[in-house]
Amino acid sequence: MTRRTKLPITLLEHQDPFTSEWIEQQANGAERVLACDFYISGAEHAEPVTGDTVSVAS
Amino acid sequence: MNIDHHAPTCAMRRRISSANLALDRLSQCGEEPDDSVVIISHTDCDSVLSSGIVSGELPPDPRLGLAAIAADHTGEANVIADMLQELDNIRSVSLRADPQFALEESGSSYLRYSHDLVQRYLERGEDGLDERAQNAIAQRKRKRGAAREAVARGDFTMLGGVAFATLTEKLDGELFPALLPDAQVILMSTSRDGLSRWESKIWLGLAAPEGSSLHDLNIREFDSAFGGRWNAGANRRNGGSSIAPRAYAELLVRRLRSFDVKPAIPDQVPLDCI
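Residues numbered from 1 in each chain as written. Chains lettered and ligands numbered in written order. Predicted model: local features only at pLDDT ≥ 70, side-chain atom pairs only at ≥ 80, totals over all residues. Heavy atoms only, no water.

Draft legend 1. Representation of the pairing of strand 4 (residues 162–166) of chain B in the model. Residues and elements named next belong to chain B. Within strand 4, 4 of the 5 residues are buried, leaving the element largely enclosed by the surrounding structure. Where strand 3 (residues 157–159) lies against strand 4, 3 bridges are found, and the strand directions are antiparallel. Among the inter-strand pairings, Thr157 is bridged to a residue of strand 4, identified as Phe164. Counting the residues in the hairpin turn of strand 3 and strand 4 gives 2 residues, including Gly160, whose phi is positive at 50°. In this structure, strand 4 lies alongside strand 5 (residues 185–191), joined through 5 bridges in parallel fashion. Across the sheet, residue Ala163 finds its bridge partner in strand 5, namely Ile186. (Buried < 20%, exposed > 50% of the residue type's maximum accessible area, 1.4 Å probe, protein only. Helix = DSSP H or I, 4+ residues; strand = E, 2+ residues; numbered from the N terminus. Pairing = 2+ DSSP bridges.)

Structural data, given as structure tokens:
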């Protein structure tokens, strides 16, 4: 079963570098931002999004 | 909330992808609140599937988890993985070369298209796919065949646990671990501009001890351009390296003893249901 109300998806490619603050701005008032498979290209190594977000990987 | 297998933590040193985390989280924590937004930064198989699962555009079908593992880790044939990986490759090349294509292939339209393809495949199999998707799958099969031929031809040299090759065609690295089962590390190099600089892709091989990570090798100590996750990385994004393939392989061999010291790997990936 898929959920009745689909959540909007935003593709943020070619907009490096990402910062926690910048990503939170994308929430635009939403209760939460769900960053999926959020590999940060060009970074020294892939890092989890940190800051005020809660990381599944932490 | 970050649902991502790239994190350089011990818990992620396993064959798991973001789509698997999304499936596990949905199963254990339930649906996300309606007042949520999903963001992704790229459009490979795992990003398309994980965003689709979390947003509700795709059902929590276990076949999606298997596809993500095939795309990110094993390289084994899988229609969903082969289709999405190759469509993303084609799209990435076109985006760089054709501004008009970039307009037509904005993020939202490509995601709608790719989610629709996956849904059609889940419902009707390959008969449900369009010509563009069928062509992508055929292209992926050709690449897998080329990888098999490269190994059979002896393009790879084994040097103390490191299998290395100079390839004339850029092939997806995940196609090789299954073809080189005795390698702890696989190094694939292509010439960047003649012979002075090299682009290197590195994959952790199937013979590496369980719990090993490329991060253990501290590759950046000799190649500052290298970056990646625990089982795969490359130096292309940062300009490649002047180190020739054999010399690069020798540097890797000297560091393989780092695999002997491994941190404890937790049994499960923690899921924060908040």
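Draft legend 2. Spotlight on the sheet that holds strand 8 (residues 232–234) of chain B. All names here are of chain B. Taking strand neighbours across the sheet as the criterion, the 6 strands line up as 3-4-5-6-8-7 in an open arrangement whose pairing is mixed. Of all the strands in the sheet, just strand 3 and strand 7 (227–229) have a single pairing partner and so form its edges. In this sheet, neighbouring strand axes are inclined to one another by 20° on average, regardless of whether the strands run parallel or antiparallel. On top of the sheet, helix 8 (residues 245–255) reaches strand 3, strand 4, strand 5 and strand 6 (198–204); it is set at about 165° to strand 4, its chief contact. (Axes fitted to C-alpha atoms, helices over the stretch in contact; angles between N-to-C directions. Contact = heavy atoms within 4.5 Å.)

Draft legend 3. Seen up close, the confidence of the model for chain B. Here chain B averages 87 in pLDDT, while 89% of its residues score no lower than 70. This prediction of the complex comes with two scores: 0.80 for pTM and 0.75 for ipTM. (pLDDT = per-residue confidence, 0-100.)

Draft legend 4. Here's a closer look at helix 2 (residues 45–55) of chain B. All names here are of chain B. Here helix 2 lies mainly inside the structure; 11 of its 11 residues are buried. Buried within helix 2 are the following residues: Cys45, Asp46, Ser47, Val48, Leu49, Ser50, Ser51, Gly52, Ile53, Val54 and Ser55. Taken from the residues just after helix 2, Gly56 is the one with a positive phi, measuring 95°.

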